[in-house]
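Chain and residue survey
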Amino acid sequence: MMRRYNRLLVAFYVITDALLGMAAFVIAYLLRFETWIAEIVPVTKGQPPFGQYVNVLPLLGVLVPLAFHVQGLYRLRRGRTRVDDFFAVFVGSILAVVLGLIGTLYYQVYHAPQGSAATQGVYEISRPVWLLFLTVNVILTYSSRELVREALERRWRAGIGLKRVLISGAGDFVRQVADKLLEHRELGFKVVGFLDDRASGDHIGYRGLPLLGTLAEGGEIIRQERIDHLYVALALEEHVKMLGLVEETSREGVDVHVVPDLLQFIALRARLEN
């Protein structure tokens, strides 16, 4: 169910980005030729017909999602900051402009009919329009993602669509991992409980979270509790147990996050990935 929901959200992003990219291009044309900008930056070659720019809209409808895909905007990851989103949208929009310039130039040189005044410059786009498109597209796309983020965070605060998290380990280190996850409820995580071979009771009931079983029982507990994410927070000297646990749970389709014993020095969003 969750994976189907993620696919629907990605499809929504792709369609929305394509439509907003085309809308941004239309707005850029109107701003360039129909507003006071034309007085500040004079139009030296005359105003091109609007239909000439409409011809480019299908191309942008493909290039904008393609550029955003290259930037990783469709890899859904909870914990992505607003700064991450903004720069990904900004760089992706720049890439879309570059691809648009290359595409229109290529068509002009190799495929545009020659010798007809009616078709000359049919795909020639004003550079100020490209600059305005970049600005407007960043504003529209980032704003749309902020609206989606706010909607998702409201759902998560209401307990809807949460990713279920299991933490393995013991002692103060595990408490720090749990504290970080619980402090950032806007990320949509729900900590279900702990795994620990030393069932001494020292962290049973910590912040209302139970000890569910031992590391050897990890696979069974993951199935029973429908776990989405496993945070492995064992001390470095217990790395053999960590490897066994990761191997056991990898067959369950769970995202495994190995947290190095450095959390006391770093923030929640610091990540170690391959």
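Our subject is the structure listed above.
Residues numbered from 1 in each chain as written. Predicted model: local features only at pLDDT ≥ 70, side-chain atom pairs only at ≥ 80, totals over all residues. Heavy atoms only, no water.

1. Section: the overall build of the chain
Secondary structure assignment for the chain yields 9 helices and 5 strands. The order of α-helices and β-strands along the chain, N terminus first, is α-α-α-α-α-α-β-α-β-β-α-β-α-β. Split into buried and exposed, the 274 residues of the chain put 41% on the buried side. For the chain, long-range pairs separated by at least 24 residues make up 74% of all intrachain contacts whose partners lie at least 6 apart in sequence. Of the accessible surface of the chain, which amounts to about 15400 Å², a share of 61% is contributed by carbon and sulfur atoms. (Helix = DSSP H or I, 4+ residues; strand = E, 2+ residues; numbered from the N terminus. Buried < 20%, exposed > 50% of the residue type's maximum accessible area, 1.4 Å probe, protein only. Contact = heavy atoms within 4.5 Å. Areas by Shrake-Rupley, 256 points an atom, 1.4 Å probe, with all protein chains shown as cover.)

2. With respect to the pattern of salt bridges
Side-chain pairs of opposite charge can arise whenever the charged atoms involved come near each other. Summed over the entire model, instances satisfying the criterion amount to 6 salt bridges. Here Asp85 makes a salt bridge to Arg149, at a shortest N to O gap of 2.8 Å. In this pair, Asp85 sits in helix H5 (residues 82–110) while Arg149 sits in helix H6 (residues 127–157), placing the two residues 64 residues apart along the sequence. Each of the two residues, Asp85 as well as Arg149, counts as buried. Ionic pairing is found between Glu146 and Arg149, a salt bridge with its closest N-O pair at 3.4 Å. (Salt bridge = Lys/Arg side-chain N within 4 Å of Asp/Glu carboxyl O.)

3. Points about the sheet that holds strand E5 (residues 255–258)
In space, the 5 strands of this open sheet follow the order E3-E2-E1-E4-E5, with parallel pairing throughout. Of all the strands in the sheet, just strand E3 (211–213) and E5 have a single pairing partner and so form its edges. In this sheet, neighbouring strand axes are inclined to one another by 35° on average, regardless of whether the strands run parallel or antiparallel. The pairing of strand E2 (residues 189–195) with E3 spans 2 bridges and is classified as parallel. (Pairing = 2+ DSSP bridges. Axes fitted to C-alpha atoms, helices over the stretch in contact; angles between N-to-C directions.)

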